[in-house]
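# Reading the structure
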Amino acid sequence: MYDAIVIGSGIGGLTTAGLLARVAGKRVLVLERHTEPGGLTHTFRRDGASWDVGVHYIGQVGPGDRTRAYFDYLSGGQLEWNRMPEAYDRFVYPGIDLSAVSDPEQYERALIRAFPDEAAAVSRYFKDVRRTAAWTTLGFVGAMVPPRLAPALNLLQRLTGRTATSTTKDYLDARFRSPELKAILTGQWGDYGLPPSRSAFAVHAMIVAHYLDGAWFPRGGSARIARTFEKGIEQTGGAVRVAHEVTEILTEGGAAVGVRALDRRGPETHERIHRAPVVVSAIGAPTTFQHLLPTDGAVGRATARARDTIRRLGAGGSATTVYLRLKADPRTIGVDGGNVWVGRGLDHDAAGTSERALLEGEPQEVFISFPSLKSGQEPHTAEIVSFCSAEPFHPWAHRPRGNRGPDYSALKERIASGMLALAESAVPVPGLTDLVDYMEISTPLTYEDYTAHPAGAFYGLPATPLRYTSPSLGPRTAVPGLLLSGQDAGSEGVVGAMMGGVAAACQALGPHGYSMISRAVRSGPEKRVGRPYTLPDGKHRAALVVKRRLTPSVWEARLSLEGSVGAWTPGQFARLHVGGDAWRDYSIAGLEDGMLRLLISTRTGGRGSRFIEEVEEGTRTVVELPLGRYGLTTTGHRRVFIATGTGLAPFLAMFHHAQGLEDDTLLFGCRDRGEDLTTLIDDAVLPGRVVRCLSRETVTGSFRGRVTDALARADIDLTGADVYLCGSAAMVADCRPFLDRAGVPDILTEPY
């Protein structure tokens, strides 16, 4: 039995779990629906490139800042930060090109120079921003202190909240005349997800104040947040368990006593019951109160007020995001790593509701970010975001992720092209489009799939004035033993969710929780480097037994695992610790008698590449497995497998266990015979027909060209076949249009 269970491994949930573990030595179980921990702080990778899905910049993490103290404490001092450029946000609108800089006085002077007739209003604005941000901070503190002290803080808030609960638009319209100036001052509205007419000035002021002294980014990428926090949780006997979807919060006598969860790590889904005296939900108030708890009986009556508040607040917004892998350093086109907000007009409210234009490839506003420059990683990448609701994407919501059909693919391509064109218009030197090597786009459906936020509303409950005047939804709830964490217990954004996590931990530790946590954080992180501890279920200590170079850029690695692995499905993947806080995912090429076989490419030159090149046989590491839902279907159809490079790995495991393989076809692509893994893998079992596609060598019996060429010209019968894809992201993307046109009903792939 655990001391506490946390639902969701976003920054809020991990903050709560990490504080309970590090401050009080609590044994905490964190359950995460996705196969990757971190919620919106996690990253995803394609062919060595990585993108940070929810973290674009963070303020107030300079040396000595209070937020930095929390990050240092929870990461054991192992999370490092890169300072962003002085001009961290640039606003480009018709006739306007102005940047927010890290010195607030300098930024204020720049605005006054640009708009001298509004100098007094600009100066007053910065005072109001600071005062209103302090008002919001009182709300955070009120959620952290014992309930008996909260009324006094609430009274102080009521006495000092004159402007906080107006809309941002009303505040600005009453004080400024220039549409251009108002457009600049609200240019960061995407950081809290509501245009000026809907957002409370409280959230606007909090975000603006958050960045007045500049912005920072986690060195090595935002995935290091979860990985450094996770260590403290595990060291006290806790665990961050991925691929576990909580379906119910269990109650007895009106109190929360545990959870029911679906364990999806193995070939079959298993229901698990976990019990604890404290349950913390960090996956949002709507899901918690409307889906995980009973809505009738004693618990339903106790939570009716919370559900009513949620209904009145309504849903928040979502976004489409274009992820770009670049051929070269974006600094060659004048980019310095700062963010860019670009719009076709000055009215953010019109831009925030112009979804039709977005769907037609004419977005009105986009936000541009360059993760690789901020994190210090290569290959170079960019992200382009445009905010919208989930409604236009509802027609495809019933289709499975990764297989939503040609209409959805065409819509995404049209949206992405339009967003890229608008982004191109704002870079200092034309050429962003020419730098693009690979492009992928997510929609609100993607956010919902990966984060479980209803309708992909990743900012949680909308920060309207009503939210700030409604009864608080957290961290305390009407259900004894149940607390809320994250954005809905705190506020929008990474730090807002973290403060919600702090508040939940304070309440979980009782009347002295706030003082306990404050003392611990002030004292700094405890050094626990090298302290041994028992790994949680699903993680295995491993030793590299053999590594063998198969091609100039592919190694075969065999690792001996400690402990029983249990059942797994050919097609699943393993997560390998490759040093520091870095983990890399590799498809399982084989797993027999505790011996794991992986194929590891070094083509990208990244952390995983360096690990396999440098590691010596006998070296010990950690492996987490099995993970993922990729596997052979049971339709009985003929199968066509398409792979390039180490994308062959999951298919090798499938072939070894498949029935009826003689009727199947494999298309395998590489450059020449020296890279043909189908002939270099010992004891490889292959389908009845193998089409080897060599792009740079002509060999009798092989196809000259890429696998995409072979699909069209090598007499591949796709009629009624299930098609499995695995390989480079570019290859998968290139194959999809052809397979869609060929009418292939099931295209099976799992980009992790």
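These remarks concern the structure in this document. Since the structure is predicted, the reported quantities are computational estimates derived from the model, not experimental observations.

With that settled, the discussion passes to the packing of helix 4 (residues 119-144) against helix 20 (residues 493-508). At a closest axis distance of 8 Å, the pairing of helix 4 and helix 20 adopts a crossing angle of 25°. The angle between the axes of helix 4 and helix 20 places the two elements in the roughly parallel class. On helix 20, the residues touching Phe140, Ala143 and Met144 of helix 4 are Met499, Val502, Ala503, Cys506 and Gln507. For the contact of helix 4 with helix 20, the per-class residue count stands at seven nonpolar, one polar and no charged.

On to the sheet that holds strand 11 (residues 255-263). Read across the open sheet, the three strands follow the order 10-11-12; overall the sheet is antiparallel. With one partner strand each, in any of the chains shown, strand 10 (244-252) and strand 12 (270-275) form the two edges of the open sheet. Neighbour-to-neighbour, the strand axes of this sheet turn through a mean angle of 25°, independent of strand direction. As judged from the eight bridges shared by strand 10 and strand 11, these two strands associate in the antiparallel manner. Bridged to Ile249 within strand 11 is Val259.

Along the chain, Glu383 turns up in strand 17 (residues 381-388). Buried within the structure, Glu383 lacks any salt-bridge partner; its nearest side chain of opposite charge belongs to Lys374, at an N-O separation of 5.8 Å. A polar side-chain atom of Glu383 sits 3.0 Å from the main-chain amide nitrogen of Asp52. One polar contact links Glu383 to His56, side chain to side chain, over a distance of 3.0 Å. Look past the residues within four positions of Glu383 in its chain and what remains in contact with it is Trp51, Asp52, His56, Thr321, Val322, Tyr323, Phe367, Ile368, Ser369 and Pro371.

A few words on the packing of helix 1 (residues 11-24) against helix 2 (residues 66-74). Their axes nearest at 10 Å, the elements helix 1 and helix 2 cross at an angle of 65°. Note that helix 1 runs across helix 2; the crossing there is left-handed. Along its contact with helix 1, which presents Ile11, Thr15, Gly18, Leu19, Arg22 and Val23, the element helix 2 presents Phe71, Tyr73 and Leu74. Residue composition of the contact of helix 1 with helix 2, grouped by class: six nonpolar, two polar and one charged.

What follows deals with the state of the cysteines. Within the structure shown, the criterion is met by zero disulfides. Distance from the sulfur of Cys670, which forms no disulfide, to the nearest cysteine sulfur (Cys693) is 8.4 Å. Under the relative-accessibility criterion, Cys670 is labelled buried at 10%. For Cys693, a relative accessible area of 1% translates into the label buried.

Along strand 16 (residues 365-369), five of the five residues are buried, which leaves the element largely enclosed by surrounding structure. Residues Glu365, Phe367 and Ser369 of strand 16 are buried on one face, and the alternating residues Val366 and Ile368, pointing to the opposite face, are buried as well. Pairing of strand 15 (residues 339-343) with strand 16, which is carried by four bridges, proceeds in the antiparallel orientation. Looking across to strand 16, one finds that Trp341 is bridged to Phe367. With three bridges joining them, strand 16 and strand 17 adopt antiparallel strand pairing. Opposite Phe367, over in strand 17, you have Val385 as the bridge partner.

What follows concerns the pattern of salt bridges. Evaluated as defined, the whole model comprises 45 salt bridges. Of the charged contacts in the structure, one is a salt bridge between Asp173 and Lys182, with a shortest N-O distance of 2.9 Å. Classification of Asp173 by relative accessible area gives partly exposed; the value is 35%. When its relative accessible area of 19% is taken as the criterion, Lys182 is described as buried.

Structurally, Asp734 is set in helix 26 (residues 729-741). A C-alpha to C-alpha distance of 27 Å links Asp734 and Ser425, two positions 309 residues apart in sequence. Discounting chain neighbours no more than four positions away, the residues touching Asp734 are Arg706 and Thr708. Of the polar contacts made by the side chain of Asp734, one reaches the side chain of Arg706; its length is 3.2 Å.

It is worth spelling out the sheet that holds strand 28 (residues 689-694) at this point. Pairing is parallel across the open sheet formed by six strands, whose spatial order is 29-28-27-26-30-31. Two strands lie at the open edges of the sheet, namely strand 29 (703-704) and strand 31 (747-748), each paired on one side alone. Summarising the sheet, strand 28 and strand 29 pair through two bridges and their orientation is parallel. Looking across to strand 29, one finds that Leu694 is bridged to Arg704.

Conventions used here
Residues numbered from 1 in each chain as written. Predicted model: local features only at pLDDT ≥ 70, side-chain atom pairs only at ≥ 80, totals over all residues. Heavy atoms only, no water. Axes fitted to C-alpha atoms, helices over the stretch in contact; angles between N-to-C directions. Helix = DSSP H or I, 4+ residues; strand = E, 2+ residues; numbered from the N terminus. Parallel < 35°, antiparallel > 145°, perpendicular 65-115°, else oblique. Contact = heavy atoms within 4.5 Å. Nonpolar A, V, L, I, M, F, W, Y, C, P; charged D, E, K, R; others polar. Pairing = 2+ DSSP bridges. Buried < 20%, exposed > 50% of the residue type's maximum accessible area, 1.4 Å probe, protein only. Lys, Arg positive; Asp, Glu negative; His and termini not counted. Salt bridge = Lys/Arg side-chain N within 4 Å of Asp/Glu carboxyl O. Polar contact = N/O pair within 3.5 Å; in protein donor to acceptor, adjacent residues only side chain to side chain. Left-handed = near helix turned anticlockwise from the far one by under 90°. Disulfide = S-S within 2.5 Å.

Geometric descriptors of this kind do not, in isolation, establish any biological role.
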